[in-house]
Amino acid sequence: MAQAVQAVRRMLQAGGVHQIVTANGAMLVRAARDERIRHALNNASLAIADGIGVVLAARILGRPAFPRVPGVELAQEVCALAAAEKRRVFLLGAAPGVAAAAAEVLRKRYPGLQVVGVVDGYFRDDSVAIDAIRQARPDVLFVALGFPRQELWIASHRERLGVPVCMGVGGTLDVLAGRVRRAPQLVQHMGLEWAYRLMQEPRRWRVAISLPLVIVLAVVERVKEGWKRRQ
Ligand code: UDP
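Definitions and cut-offs
- Residues numbered from 1 in each chain as written.
- Predicted model: local features only at pLDDT ≥ 70, side-chain atom pairs only at ≥ 80, totals over all residues.
- Heavy atoms only, no water.
- Pairing = 2+ DSSP bridges.
- Helix = DSSP H or I, 4+ residues; strand = E, 2+ residues; numbered from the N terminus.
- Axes fitted to C-alpha atoms, helices over the stretch in contact; angles between N-to-C directions.
- Contact = heavy atoms within 4.5 Å.
- Expected span 1.5 Å × (residues − 1).
- Buried < 20%, exposed > 50% of the residue type's maximum accessible area, 1.4 Å probe, protein only.
- Arc of directions from axis to C-beta.
- Near = heavy atom within 4 Å.
- Polar contact = N/O pair within 3.5 Å; in protein donor to acceptor, adjacent residues only side chain to side chain.
- Areas by Shrake-Rupley, 256 points an atom, 1.4 Å probe, with all protein chains shown as cover.
- Nonpolar A, V, L, I, M, F, W, Y, C, P; charged D, E, K, R; others polar.
- 1 Å grid on protein atoms, 1.4 Å probe; cavity = no way out; pocket = protein on both sides within 12 Å on 5 of 7 lines; lining within 4 Å.
- Points joined across faces, edges and corners; volume = space filled by probe spheres on them.
- Core = buried A, V, L, I, M, F, W, Y, C linked by side-chain atoms within 4.5 Å.
- Parallel < 35°, antiparallel > 145°, perpendicular 65-115°, else oblique.
- Left-handed = near helix turned anticlockwise from the far one by under 90°.

### As for the sheet that holds strand β2 (residues 46-49)
Taken in spatial order, the six strands make up an open sheet running β2-β1-β6-β5-β3-β4, and their pairing is parallel. Of all strands in the sheet, those with a lone pairing partner are β2 and β4 (114-119), marking the two edges. Here the average twist between neighbouring strands, direction ignored, is 20°. Across four bridges, strand β1 (residues 18-23) lies against β2 in parallel orientation. Bridge pairing in β2 places I20 opposite L46. Here helix α1 (residues 2-14) sits on the sheet and contacts β1, β2, β5 (140-144) and β6 (165-168); the angle it forms with β2, its principal contact strand, is near 160°. Along the sheet face, helix α5 (residues 71-84) touches β1, β2, β3 (88-93), β5 and β6 and points at about 155° away from the line of β5.

Structure representation (structure tokens):
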């Protein structure tokens with residue numbers, strides 16, 4: 001988490017446009033067969049392991065170990081940073097009223113935080129949302145449109161938006177606004193936050209079945225790497 005926050009601080013200092021992705025197993029599985037999603041993920045300035053599937057896949061592949069960094073937590077750390085450095089934050093996404101409620105919570109939690117605009121996630125015309133963001137000139141844009149829409153939305157509009165840090169945040173605004181509860185700490189530490197979410201939102205079964213799938217993909221990749229090394 002500390003490294004991720006440091007990376008965001010550097011992006012803000014450097015300017016330009018940067019995308020942050022909060023990767024989970026479902027994203028990796030979709031990215032494996034969808035070129036556009038793969039491109040968006042591979043072109044991100046920072047990818048954090050939001051889901052346990054990414055941590056397990058890295059372990060299976062023998063990559064250096066890293067812990068989970070939940071996107072909902074990084075988003076709040078970025079708000080703390082934005083408040084301390086007087087950076088401007090914009091919230092895009094979630095159901096009508098949710099982003100505004102999340103903004104109120106953030107302003108209270110991080111005194112001095114400048115939330116310079118909110119637009120809900122059910123706009124019809126991309127240009128309306130883009131114009132609102134451009135006029136507000138934020139330094140940080142949180143996009144809560146769900147995967148893969150938010151990643152593709154940021155990837156295709158980031159140059160026009162000109163926002164230094166754009167981050168897809170999934171259900172973060174719902175959590176901040178108190179509409180959705182996160183799993184208890186113990187469940188999180190057991191690597192079972194996905195199961196808790198599945199119980200709350202059974203329609204997320206597609207995300208949950210990605211966990212065994214991403215493990216299978218990682219094992220296949222590992223075997224392939226082993227074969228290549230032997231040849
Ligand atoms: N959402 C939105 N517009 C849409 C579809 C979804 O703003 O057209 C919002 C939805 O209200 C929720 C978030 O996107 O706040 C998706 O959250 P979810 O936890 O499902 O994200 P995922 O884990 O699928 O990325």
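### A closer look at helix α6 (residues 98-109)
Residues separated by three or four positions in an α-helix point in the same direction, a consequence of the helix having 3.6 residues per turn. Helix length check: α6 (twelve residues) gives 16 Å between terminal C-alpha atoms against 16 Å at 1.5 Å per residue, within 8%. For α6, the complete set of buried residues consists of V98, A99, A102, A103 and L106. Here the buried residues of α6 occupy an arc of 135° about the axis, which is enough to place them on one side. The secondary structure elements touched by the buried residues of α6 are α5, β3, β4 and α9 (172-176).

### Quick look at the site of the ligand
Close to the ligand lie 16 residues; A94, G121, R149, D174 and R197 are nearest. Between the ligand and A144 there is a distance of 3.1 Å, counted from an oxygen atom to a backbone nitrogen or oxygen. In this structure, an oxygen atom belonging to the ligand sits 2.4 Å away from a side-chain N or O atom of D174. Contact with the protein chains covers 78% of the free accessible surface of the ligand, which is 550 Å². Residue composition of the shell around the ligand, by class: six nonpolar, six polar and four charged.

### As for the side chain of E225
With respect to the helices and strands, E225 occurs in helix α13 (residues 210-230). Residues in contact with E225, not counting those within four places in the same chain, are L61 and R63.

### Comments concerning the layout of surface pockets
A water-sized probe rolled over the atoms picks out the places where empty space is left. As a volume, the second largest pocket reaches approximately 810 Å³. Lining the second largest pocket are 30 residues, with A23, L28, V54, A58 and F66 positioned closest to its centre. Among the secondary structure elements, those contributing two or more residues to the lining of the second largest pocket are α1, β1, α2 (25-33), α3 (35-42), β2, α4 (52-60) and α13. The element that contributes the greatest number of residues to the lining of the second largest pocket is α13, accounting for six residues. In terms of residue class, the lining of the second largest pocket is built from 24 nonpolar, two polar and four charged.

### Some points on the nonpolar core
Core analysis: the biggest nonpolar cluster contains 36 residues, and L46, L74, L91, L113, F142 and L173 have the highest contact counts within it. For this core, the element with the highest residue contribution is α5, accounting for seven residues. Setting aside residues no more than four positions away along its own chain, L91 makes contact with A99, A102, A103, L106, V115, G117, V118, V119, F142 and L173. By size, the runner-up hydrophobic cluster in this structure holds 16 residues, among which are V143, I154, L161 and C166.

### Remarks on the packing of α2 against α13
Where α2 contacts α13, the axes come no closer than 8 Å and their chain directions differ by 55°. Considering their axes alone, α2 and α13 lie oblique with respect to each other. Every pair of crossing elements has a handedness; the one defined by α2 and α13 is left-handed. Along the contact surface, α2 presents G25, A26, L28, V29 and A32, while α13 presents S210, L213, V214 and L217.

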